[in-house]
Every structure is written in structure tokens, then in C-alpha cells.
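Chain by chain, the residues run as shown.
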Amino acid sequence: MLFQRPRHSTIRHFPIWLFAAALPMVTLADTNDSSVLVAQLAEDENVEDVVRSEPRRSPGEDGDASDDEQEPSAPATDQQTQTVNTVVVPVTRKIAPNIDLKEVAPLPEPEPEPETLPGAELSAEELQVVQDTAQGETSAPEDEADAPVEPLPAESFTLLGKEVLPGTSTRLAWSPQIQIAGLSQITPVLVVNGVNAGPTLCLTGAVHGDELNGIEIIRRTMYDLNPEKLSGRVIGVPIVNLTGFQQGSRYLPDRRDLNRFFPGRKDGNLADRVAYSLFENVIRHCDMLVDIHTGSLKRTNLPQLRADMNNPDVAEFTRGFDRMAVVHSSGSPGMLRTAAVQAGIRAVTMEAGESLRIQEHQIEAGVNSLNSLLEKHGMISRMFVWGDPEPVYYDSTWVRAEHGGILFSEINLGANVSEGEVLGYVADPITNEQHPIRSTSNGRIIGMAVDQVVMAGFAAYHIGTEAEVPGE
Ligand SMILES: [Zn+2]
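Cut-off values and rules
- Residues numbered from 1 in each chain as written.
- Predicted model: local features only at pLDDT ≥ 70, side-chain atom pairs only at ≥ 80, totals over all residues.
- UniProt positions renumbered as here; feature names shortened; annotations may be inferred.
- Core = buried A, V, L, I, M, F, W, Y, C linked by C-beta atoms within 7 Å.
- Buried ≥ 20, exposed ≤ 12 C-beta atoms within 10 Å, placed from the backbone.
- Helix = DSSP H or I, 4+ residues; strand = E, 2+ residues; numbered from the N terminus.
- Domains from an automatic or database assignment.
- Contact = placed C-beta atoms within 7 Å.
- Expected span 1.5 Å × (residues − 1).
- Arc of directions from axis to C-beta.
- Axes fitted to C-alpha atoms, helices over the stretch in contact; angles between N-to-C directions.
- Parallel < 35°, antiparallel > 145°, perpendicular 65-115°, else oblique.
- Left-handed = near helix turned anticlockwise from the far one by under 90°.
- Nonpolar A, V, L, I, M, F, W, Y, C, P; charged D, E, K, R; others polar.

Comment text from UniProt for the protein, heading Cofactor (unreviewed entry), reads "Zn(2+)".

1. Concerning the nonpolar core
By size, the foremost hydrophobic cluster in this structure holds 100 residues, and its most contacted members are V189, C202, L289, A340, I345 and A460. For this core, the element with the highest residue contribution is helix α11 (residues 360-376), accounting for 5 residues. Both domains that meet at this core, namely domain 1 (41-57 + 72-103 + 151-390) and domain 2 (397-466), each give it at least three residues. The residues touching L289, leaving out its near neighbours within four places in the chain, are C202, T204, I283, R337, A340, I345 and A347.

2. Focus on helix α8 (residues 270-281)
In this model α8 runs 17 Å from its N-terminal to its C-terminal C-alpha over 12 residues, within 8% of the 16 Å that 1.5 Å per residue would give. Taken together, the buried positions of α8 are occupied by A271, D272, V274, A275 and L278. Down the axis of α8, the buried side of the element spans an arc of 165°, and every buried residue falls inside it. On its buried face, α8 sits against β3 (168-174).

3. Describing the environment of D100
Mapping D100 onto the fold places it in the loop between α4 (78-85) and α5 (124-139). Given 10 C-beta atoms within a 10 Å radius, D100 is considered exposed.

4. Examining the packing of helix α6 (residues 213-223) against α11
The angle between the axes and the distance between the axes are what describe a pair of packed helices. Two elements in contact, α6 and α11, have axes separated by 9 Å at closest approach and are oriented at 45°. Between α6 and α11, the interaxial angle falls into the category oblique. As for how α6 packs across α11, the hand of that crossing is right-handed. Contacts from N213, E216, I217, R220 and T221 of α6 reach α11 at Q362, I363, G366, V367, L370 and N371. For the contact of α6 with α11, a count of residues per class yields 4 nonpolar, 5 polar and 2 charged.

5. A short note on α6
Across the 11 residues that make up α6, a large majority, 9, are buried. Regarding α6, the residues found buried are N213, G214, I215, E216, I217, I218, R219, T221 and M222. Against β4 (187-193), β5 (196-205), β6 (231-237), β7 (288-295), β10 (346-354) and α11 lie the buried residues of α6.

What follows is the structure in C-alpha cells.
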């Protein structure tokens, strides 16, 4: 078996080159745009998402599939169709090297370069691989009629200007090209292209640069994959907001929240451009997307999915994630998952824990549910499958502090609470007044603030009330 990764690895195992590449950042702070900053700091958009969310329609109400923004689900198969029927001309293709993801490999090359002479930079090895593949492709039967048992062999596909052959792993480079060209650093994109055909699952982490659990969830998930046993592809961008990550910041260099600008605009502001580049170059190649986040602004979340349960495709997608809690949230405009769903990609946000921390329990829960998802879609087969566990669905509300002061919680994340129960209290450090915060409903604490100074109106406890399984 190839499962060699250390169980208790932490952020210090991250490749050193990530940090070595941390040249002094050019801060492009747009001081004229303070309204954006204030609005974003004043309220956690995770809270806002849920508060503004459309109510989940009960199964009876959504009988017809007349969903507003339903588009035919055609998740960007242009690349695939391109490669299917074209005559293979090996020397003109730029083949991504097959690397063992478990070993420290050299940096991926920066952005795709201008055309070079055919074959000029392909090593003998690579040429051999190309020729082998070409032969393999010509001898493979073109009709995909029957053969229900035999898995179909995968095809190579092209991402970020590189062709990734079936049964290989590689590390590609994405650059949103917002920096000074000479100082530009690339963002690594990990790709495992399975030997057999199947769907493309994309995993994104650290869209908010201070959210670390997702980075680790992606690392563990991807480094456990064996391309020779995988059906389909997994594309991982562990650190989308690389500049934010290097500065321990949630935001982009211009203080904007990247997760408000998808799918982005080519000629828009900085966040628009980063979003556009990621969306066009990577996200459109996905059939399924899990965008991994944590609570923000000193709040922590029980491992959970945020999903638009009014969308039947998304609702069905949530069933693959083992027993993970699923919280309905219709999603705000500009969120990566919202934009992806509108582009015909099944997408959810996964929340796990709090920012700026590496939390073993939360990471394990995330990795387990992603493995469950891979298995559910026939991409991997696990030795042990414990039945077919269903997720638990929640509607949710936030309970806010009514007074400013210091918040002390009396309950823990994940606790079951009943209406009227004291969840915590806010102590006024000057007057010594104690203001209890009580639960507004029966349910489970699926997210909560850590003890801290709060102002009146601060969303302190996120209470999930179990909802019916959608569509039944
Ligand atoms: Zn986030």
C-alpha cells in the first residue's frame, strides 16, 4: 500500500518552497474602498449567508423542477471533447510530468510559456510516455456501448496548458497574474488523473487565506490517492489565496473577500481577476466541487456542508458525504459554490473548525467524508464500508448577543440544546452585569463564537434544527 503519510502531520510539513516564495508582498490596498472593508469586518458573511438564505422548500413544494437558474448541467467538457477525437500529435503536446506526490518535488513551472519548437524540451522519457499513450489510444476501442463491468480507460486531459496522462499525478501551476510579473509566484494545483474514466472532483482550500484546516484536508485526501486505482480525476488547489495565506489574512491584498467575486471578471478589480482566472482555468473543468472553509472571526463550526437544498442536483450531491451535517444555505452571489452551481457544477461548501488553527478532529471528519464521496461516485473502492450512512440535514438560525461585553460560553460545539437553555453569558467588565444568552429553539450547536469581547448584535451561536431528508 502506498499510504505513507504521517498521521499527525501538521502545517510544518508544508513544502518549504511555499514559504521561500514569500517575497515581500506588494500591498495594493485600495484606501478609497473602505466601505467594503468595514462591511466585511463588521459581519461574518458566513452568518449573513445563512441569515439571508432563502428558506428551504419542503419536498412537496418543489414538485416541478422549475428552478430559477437551472441550466443544463454541462460542466465544461470542452477539454475532454477536444482530446477525444483529435489525431494524436505527440510532439506538440506539453505533457505534465508524472510525479510521486508523496515526495518533495521541484516547483512546477510557472505559467504556460509561449510556443516552443516541437519536441525541443521533451525528454526521452516523456517522449516514450507520449508514444506509449498514443499507441494505447489508437488500440482502445472507441465505442463505449456495453462492457458494463470493465471500467473504461481514462483519457488524458489538459489543464493549465499541460496534458495530464491517465494513471499519473502531477503538480501544475496556476497564476492569477495580478502581481509584478518579475515577482510573480505560482499557486500549486495538484492533479491525480486516474487510470479509469470517471468524474472530476475539485477541492479548493484557503479561499480565505487564514483558514488552514481545508489545506490539510486536501493534502491528506490527495496524497492517499493512487492514480492506478482511481476512476476519474481529482484536482486540488490547497491554497487558493496564497498571498492571504502567507500573511495569515482572510482577505486578498486589496482587503477584498475573494469569496464574494466568483465567477469574476477579466477586466474587473483585483478580486474579480483572481476569481475569473481560477474559475476559467480550473473550476470549469470540474464536475463536482467541494470548497473547504472554517468559521471566521473567532467562530468555530462543527464539520458541516453548506448547500442549497432547493437545488435538486446539489441536494443529491450532499448524500455522498457520509454522516456529515448538512446545513441549508442558498448561498450569496459571488461565492465560489454559488457560481459553480450556476455553471452546472455540483458544489458545496465544507466548513470545519475555526481559522488560523490546525484541528485534528475536524480534519479527520473532512477527510473521511471526502473519501466517502469518492467511494460513492465510484472513484475509489474502500476496504471497509459501514453500511450507507446518511447525512443529517439542518435548518438553522443564529442567536445573537444582546449586550456588549465578554462572552463566556456554557456549552460546547455539537451540544444538543433546548429552547430557553442558557448557552452562555456576556459579562460587562465595568458594571459587572451578567447577561445570559438563551437558545431560541431546540437543536444542536453547529457553530459558535469562541470566548471573546463582543458587541451587541454579534452572532454568537448557530443552532441547527433537524430537517427532513430532502426529496422524500
Ligand atoms: Zn472561509
